[in-house]
Amino acid sequence: MTQKNKLDYMKETILGYLNDYAIKKAILINGEWGSGKTYYIKKFLDETKNNSVYEKYSKTIMLSLFGINSIEEIDKNLRMKKIISEYSNKTKNKLEFLSKNINNFIEMLDISSSFKFNIDLNNIGNFINYNQSLIIFDDLERCSINIIDLIGFINNLVENEECKVIVIANENEINTNFKPEFEKYKEKIFSMTLNFKNDFKTAFNDIVDKFTIKGEKLNNFLHENEELIRNIFFFNNSTNLRILETSIYYYKKIFEMIDSISIVDIENLEMKKRYLKEETLKYTFDANIKIKNKYEYNKLDVERENYINSGSLVENIYSIYKNDIKCDNRYYFIDKYIISYIIDEVDVREKFIELILDYEDKHRFLRNKPYKLNFFKELEDEELNETLKVLEQNLKNNVRINIDSYSEIIKNLDSLLEAGYPFDIDIFIDLINKNLNSLEKDIKSNKFNKDRIYITEKDSWHNSDLKNLNQKITLLNELIKNGEFLLDNIFGLTIELQKINKEKKFLSLFDKNNLIKKIKTSKNKELTNLKENITLVYQSQYVEKIYENDKQIIDEIINWIENELKNQTIEYVKRINLTDIKKELDDIVIKCRLV
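Residues numbered from 1 in each chain as written. Predicted model: local features only at pLDDT ≥ 70, side-chain atom pairs only at ≥ 80, totals over all residues. Heavy atoms only, no water.

Asker: Can you help me understand helix 24 (residues 572-594) in this one?
Answerer: Given 3.6 residues per helical turn, the α-helix brings residues three or four places apart onto the same face. Across its 23 residues, helix 24 extends 33 Å between first and last C-alpha, which sits within 8% of the 33 Å expected from 1.5 Å per residue. K574, N577, L578, I581, K582, E584, L585, I588, V589 and C592 are the residues of helix 24 that are buried. Against the buried residues of helix 24 lie helix 21 (512-521), helix 22 (524-537) and helix 23 (543-564). (Helix = DSSP H or I, 4+ residues; strand = E, 2+ residues; numbered from the N terminus. Expected span 1.5 Å × (residues − 1). Buried < 20%, exposed > 50% of the residue type's maximum accessible area, 1.4 Å probe, protein only. Contact = heavy atoms within 4.5 Å.)

Take a look at the structure:
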């Protein structure tokens, strides 16, 4: 059965239920949060409003149970909703206005102050009933009422009040205290359960038109990129319509900011603005899905701002779940907007202008990528000179050039020198050396996220400095290999003792600040793993030498934990785990000092 047929089947089933007086039970629509259950029901009511089936019911009342604490509160809300739906808010305001003016007139006549004339809809509601109504209860799982009381109330509506009742819920989120009773009485109160899965494609068009003005720029742009957006949701394994709505909300501000940019004396500005709109759209929708789903970013994602600002050689571009949709980490400021709902429009506008100005440089680079040096003999002098200029500019700014290209670039520069081509090689040697030094710092501080750097060999080298640079990449690979024992490893279930025993180091293998930061942000499972790994390492035959190297950082961690435990806001289980780690480290200090 296709998705469309499933929704049509659901529509026919609900209409059949409403049309059958013999069914004295409710129906349950079950689905994940954000899947569009409420949206679908509202759309269903709108599409079928002229159906003759509704002639049997005096009113359709929809009520969210979120935050409702008693049956009396439900009853009152149902009556009030029926009054307001029949008499409208204008009637309510008129009655209150009439009541106020009658009381003012009574005061003028100096009648006893104990006499008050009051037209109160709350009181009128006591005389209004909602029998023979179609009642839709939403958010069952968010209701605070005892589930047995609620089921009894619904049963009374369908059995005695001649109502039809539709209940919308996410069964997976029903309070565990109420779940057994719910399962026990579910079949007695519900004639059927319809498991809801949305038609994301159809809902997409409706939601875009709901949250943007049809025919205007943003509306058209989102419709043009429908397939891209749907793929972003697909690759993130999400069909959450609420996240789609919030993504459009966030992106609207970004789109409008880019659209308003005006730069004098720049060619093809609209084309460049469109490119920026497309790039920020991908990033905004992907980031919002991940943030709303509490996605645990990998190391690169978590510190993406630090990677960019530190001049790291790690690329800015990343793929959404290893597919062909590429996002640019330079839009990391959008994360802060999504989390805080606050955006610094002046600062972000300046960033967008910088990115637009960078657009031409980027495409100049794409037209003159370093790989062209592989076949420099096929290039004209002008094209080769342009390729070298672009290479120099991007090495200087430490952008765009993939670290895996460095060895190939070094080899090709040596071949150019060997062929006698005239250019200033010293500039390139200095720039490459500077960037490789920056990379070395990243590797040592666990900011580098690759297993190794690609390296190409050359049979004979014309320039010894270039040969040394290529050998430097080999040494960096050794550093990466030796550093495979990463910080995250000591918070895992198992560790390899070989490197620890070889280096005669454990905690001192890592930067103190990074280690403490990791302890502070770790989950309880990771903290228990760390404690077990500390115990394991300090049972080694090299315990004295390991401690000799570790003792300073051990003291600093103990001091940090002591101060951290003074913080009353620490969660209870985390406090227990930090205390256990401190006790283990204290025992190690005592044991090793006695030896």
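Asker: Looking at this structure, how should I read helix 6 (residues 179-189)?
Answerer: Taken together, the buried positions of helix 6 are F182, K186 and I189. Considered in projection along helix 6, the buried side chains sweep an arc of 90° and stay on one side of the axis. Exposed positions of helix 6 whose direction lies more than 90 degrees from the buried face are P180, K184, E187 and K188. Tucked into the core, helix 6 has its buried residues touching strand 1 (26-30), helix 5 (147-159) and strand 5 (190-195). (Arc of directions from axis to C-beta.)

Asker: What is the right way to look at the nonpolar core in this model?
Answerer: Nonpolar side chains tend to gather and get buried jointly when the protein is soluble and globular. Counting 51 residues, the largest nonpolar core has I14, I74, L78, F137, L140, L150 and V165 as the members making the most contacts within it. With seven residues, helix 5 is the single largest residue contributor to this core. Aside from chain neighbours lying at most four places away, what touches L150 is L65, I71, I74, L140, C143 and I145. One finds I232, L244, I263 and I343 within the second-largest nonpolar core, a separate group that totals 42 residues. (Core = buried A, V, L, I, M, F, W, Y, C linked by side-chain atoms within 4.5 Å.)

Asker: Help me out: how do you make sense of the pattern of salt bridges in this one?
Answerer: When the charged atoms of two side chains with opposite charge come close together, those side chains can pair. For the coordinates displayed, the defined rule picks out 31 salt bridges. Between K43 and D206 there is a salt bridge whose closest N-O contact spans 2.9 Å. A residue pair is termed long-range when its members are at least 10 positions apart, and K43 in helix 2 (residues 37-47) and D206 in helix 7 (residues 200-211) qualify at 163 residues. Here E270 ties to K273 by a salt bridge, and the two come within 3.2 Å at their closest N and O atoms. Of this pair, E270 and K273 both sit in helix 11 (residues 269-292), separated by three residues, roughly a single helical turn. On the accessibility criterion, E270 (49% relative accessible area) is partly exposed. Classification of K273 as buried rests on a relative accessible area of 3%. One network of salt bridges, in which partners are shared, links K11, K43, E47 and D206. (Salt bridge = Lys/Arg side-chain N within 4 Å of Asp/Glu carboxyl O.)

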